[in-house]
Amino acid sequence: MELKLFNTLTRKKEVFKPIKKGHAGMYSCGPTVYWYQHIGNLRSYIFADLVKRVLQFNDYKVKHVVNVTDVGHLTSDKDEGEDKIEKAAREQGKKASEIAKLYLDVFLKDLKRVNVLMADVWPLASKHIKEQIELIKKLEKKGYTYKTSDGIYFNSAKFKSYGELAKLKIKGLKSGKRISRGEKKNKIDFALWKFSEEPGLRQQEWKSPWGLGFPGWHLECSAMSMKYLGKTFDIHTGGEEHIPVHHTNEIAQSESATGKKFVNYWLHGRWLMFSGEKMSKSKGEIFTLSELVRRGYNPLDFRYLSLLTHYRKPLHFSLENLDAAQNAYKKMKRKVSELRKEEHKGLDESKEYEKKFLEALNDDLNLPRAIQVVWKMLDDFDFSPKKKLNLLEKFDSVLGLDVKEMVEKKTKIPEEVIELVEEREKLRKAKMWKEADLFRERIREKGFVVEDRAEGPRLVGV
Ligand code: AMP
Ligand code: ZN
């Protein structure tokens with residue numbers, strides 16, 4: 001079955017055709033490690049993880065590269081402001097490398113907690129200065145660069161298809177009438193190399209043919225992706241805000257340097273929203289994964305929630321939505337525990353359900369539909385429980401919900417709950433349904449759900 005992915009370049013769902021049969025090279029813009037990543041950031045990495053897992057489910061061997069920005073990302077994406085890592089180091093009185101390590105470690109732990117598969121390569125920008133300088137040299141040789149008092153810039157006017165990804169109307173931007181372009185030739189030009197204002201002022205600076213300084217943020221992604229995946233590679237992922245600037249600039253500098261197409265499929269994930277706005281550190285309230293755990297959630301409740309919204313739609317986060325996802329995930333656990341105990345043989349409908357599941361995945365990663373298929377399958381009474389479980393475990397290679405570990409915890413049922421259940425049974429026998437329902441509510445308040453079975457009432461912890 002063909003895998004279709006929505007390509008931002010063409011704004012269409014396209015059949016995925018790899019450069020090398022059976023292989024997929026994939027690059028995801030990674031974290032700037034100056035602070036904790038919030039659950040909005042995590043949504044982006046769960047999205048990339050799903051792309052990777054769906055490719056693997058389709059038998060592709062995936063090479064996944066995620067960069068770590070530990071230098072060069074300025075507080076404004078427009079080549080202005082302070083370097084985010086340098087600022088954090090100054091404010092926290094630490095070395096830049098300590099800051100990067102601290103937040104990278106937390107980030108990697110969080111990824112593991114939400115079952116994001118580890119990338120094959122995690123290149124750090126500060127460890128790839130040579131590659132970045134080489135790339136600028138290539139661009140310089142081909143006449144794409146110029147010097148200003150604060151750095152070496154890319155001349156976007158020289159790259160004819162600049163802005164194609166974002167469908168930018170460059171003319172308006174170039175005139176630069178309303179916004180000053182300073183020494184830049186075009187307003188949209190961007191820094192490849194920034195000079196240190198004063199030697200020794202920054203913790204991270206390097207010698208280069210143009211002077212002491214540090215690389216621009218866009219450059220690192222071009223240099224490191226091409227180093228590990230080649231001049232042209234299959235898939236590049238990132239957040240939607242990267243379309244007009246960061247990814248547009250990655251394309252411009254990479255294609256100008258190599259003369260080849262940079263990336264075949266550009267995939268962008270929409271944001272996680274909170275109170276109607278993009279969840280963002282600069283905008284206000286953020287939740288980290290640890291905060292959710294402190295509030296009693298399982299990290300996989302958040303993963304489950306992420307599966308319920310298609311990656312090209314905003315995910316409107318609220319604790320109520322997370323509660324609903326938590327309940328659904330618990331219900332899945334209970335269902336799986338029950339299935340493990342079922343004896344009846346039933347039919348083998350694996351092929352049909354696998355086809356439906358794959359159809360949903362291959363339709364531009366329609367995970368919400370895939371989850372519906374999962375529930376339909378779990379509730380299919382005729383389908384053999386054993387085969388059902390086997391198939392669910394197979395599906396879990398994409399879902400990442402720890403199906404294998406799903407066993408119902410043996411919760412000790414308090415004496416008072418047992419008494420309430422007995423009372424309720426008496427009322428039911430006397431056909432006093434309304435009163436019995438009140439008891440069901442009281443049992444629920446104590447954290448248990450009572451299910452009426454042919455063999456008698458059964459309690460389930462919630
Ligand atoms: P940063 O560490 O700020 O460079 O961001 C890392 C990644 O998280 C980028 O790919 C962003 O696009 C993504 N990101 C940031 N905020 C959100 C959000 N609210 N929802 C989804 N992705 C986000
Ligand atoms: Zn990037």
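Conventions used here
- Residues numbered from 1 in each chain as written.
- Chains lettered and ligands numbered in written order.
- Predicted model: local features only at pLDDT ≥ 70, side-chain atom pairs only at ≥ 80, totals over all residues.
- Heavy atoms only, no water.
- Donors = N, O, S within 2.8 Å, 3.2 Å for Na, K, Ca; no water.
- Helix = DSSP H or I, 4+ residues; strand = E, 2+ residues; numbered from the N terminus.
- Buried < 20%, exposed > 50% of the residue type's maximum accessible area, 1.4 Å probe, protein only.
- Pairing = 2+ DSSP bridges.
- Axes fitted to C-alpha atoms, helices over the stretch in contact; angles between N-to-C directions.
- Domains from an automatic or database assignment.
- Phe/Tyr/Trp six-rings, centres within 6.5 Å; stacked < 30°, edge-to-face > 60°.
- Lys NZ or Arg CZ within 6 Å of the ring centre and 35° of its normal.
- Near = heavy atom within 4 Å.
- Polar contact = N/O pair within 3.5 Å; in protein donor to acceptor, adjacent residues only side chain to side chain.
- Nonpolar A, V, L, I, M, F, W, Y, C, P; charged D, E, K, R; others polar.
- Salt bridge = Lys/Arg side-chain N within 4 Å of Asp/Glu carboxyl O.

## Looking at the coordination of the zinc ion (ligand 2)
At 2.1 to 2.2 Å from the zinc ion (ligand 2) lie its protein donor atoms, namely Cys29 (SG), Cys221 (SG) and His246 (NE2). Each donor residue of the zinc ion (ligand 2) belongs to the same chain, with the gaps between them written as C-x191-C-x24-H. With a gap of 192 residues between them, Cys29 in the loop between β3 (23–28) and α1 (39–57) and Cys221 in helix α6 (residues 217–229) connect regions that are remote in the sequence. Residue Cys221 is classed as buried on the basis of its relative accessible area, which comes to 1%.

## Quick word on the sheet that holds strand β7 (residues 145–147)
Strand order across the open sheet formed by four strands is β7-β8-β9-β10, with antiparallel pairing between neighbours. If you trace the sheet from one side to the other, it starts and ends with β7 and β10 (213–215), each paired once. When strand polarity is set aside, the average angle formed by the axes of neighbouring strands in this sheet is 25°. With three bridges joining them, strand β9 (residues 190–195) and β10 adopt antiparallel strand pairing. Note on β10: the bridge partner recorded for Lys194 is Phe214.

## Some thoughts on the domain arrangement of the chain
Along its sequence, the chain is organised into domain 1 (4–269), domain 2 (274–405) and domain 3 (415–461). The C-alpha-based centres of domain 1 and domain 3 are spaced at 58 Å.

## Looking at the packing of aromatic side chains
One pass over the full model with this rule turns up 22 aromatic pairs. Arranged with centres 5.7 Å apart and planes meeting at 70°, the rings of Phe57 and Phe357 form a pair that is edge-to-face. With Phe57 in helix α1 and Phe357 in helix α11 (residues 350–362), this pair connects stretches of sequence that are 300 residues apart. We note that Phe57, like Phe357, is buried. Ring geometry for Tyr144 and Phe154: centres 5.8 Å apart, planes at 0°, overall stacked. A residue pair is termed long-range when its members are at least 10 positions apart, and Tyr144 in the loop between α4 (129–141) and β7 and Phe154 in strand β8 (residues 151–154) qualify at ten residues. The pair formed by Tyr144 and Phe154 is uniform in burial state, with each residue classed as buried. Across the ring face of Trp35, the terminal group of Lys281 is positioned such that the distance to the ring centre comes to 5.0 Å. In this structure, Arg312 packs its charged tip against the face of Phe6, placed 3.9 Å from the ring centre.

## A look at unusual backbone geometry
Unusually for a residue other than glycine, Asn115 sits at a positive phi of about 55°. Looking at the secondary structure, you find Asn115 in the loop between α3 (96–113) and α4. On the basis of relative accessible area, Asn115 is assigned to the buried category, the value being 19%. In the Ramachandran plot, Asp364 falls in the positive-phi region, its phi being about 55° despite a non-glycine side chain. Note on Asp364: relative accessible area 0%, which makes it buried.

## Some remarks on the site of ligand 1
Taken together, 18 residues lie near ligand 1, and Gln37, Gly40, Glu241, Leu272 and Met279 sit nearest. The contact in question runs from an oxygen atom of ligand 1 to an N or O atom on the side chain of Glu241, over 2.6 Å. Leu272 has a polar backbone atom sitting 2.8 Å from a nitrogen atom of ligand 1. By residue number, the principal contributor to the shell around ligand 1 is α1, which donates four residues. Grouping the constituent residues of the shell around ligand 1 by class yields six nonpolar, ten polar and two charged.

## Considering the pattern of salt bridges
Enumeration according to the criterion identifies 29 salt bridges in this entry. Residue Glu359 pairs with Lys355 through a salt bridge whose shortest N-O separation is 3.3 Å. Separated by four residues within a single helix, Glu359 and Lys355 lie in helix α11, roughly one turn from each other. Judged by its relative accessible area of 49%, Lys355 is partly exposed. Among the ionic contacts, a cluster of salt bridges with common partners joins Arg424, Glu425, Arg428, Arg440 and Asp452.

## Quick notes on the sheet that holds strand β11 (residues 233–239)
The strand order across the open sheet built from four strands is β4-β3-β11-β12, with neighbouring strands paired in parallel fashion. Of all strands in the sheet, those with a lone pairing partner are β4 (61–66) and β12 (263–269), marking the two edges. Between one strand axis and the next, the sheet turns through 20° on average, direction left out of account. Of the strand pairs in this sheet, β3 and β11 are connected by three bridges, and their pairing is parallel. Looking at β11, one finds that Ser28 is bridged to Thr237.

## Some points on helix α9 (residues 299–307)
Extensive coverage of α9 is indicated by the burial of nine of its nine residues. Where α9 is concerned, the buried positions are Pro299, Leu300, Asp301, Phe302, Arg303, Tyr304, Leu305, Ser306 and Leu307. Where α9 starts, the residue carrying a side-chain oxygen 2.8 Å from the main-chain nitrogen of Leu300 turns out to be Asn298.

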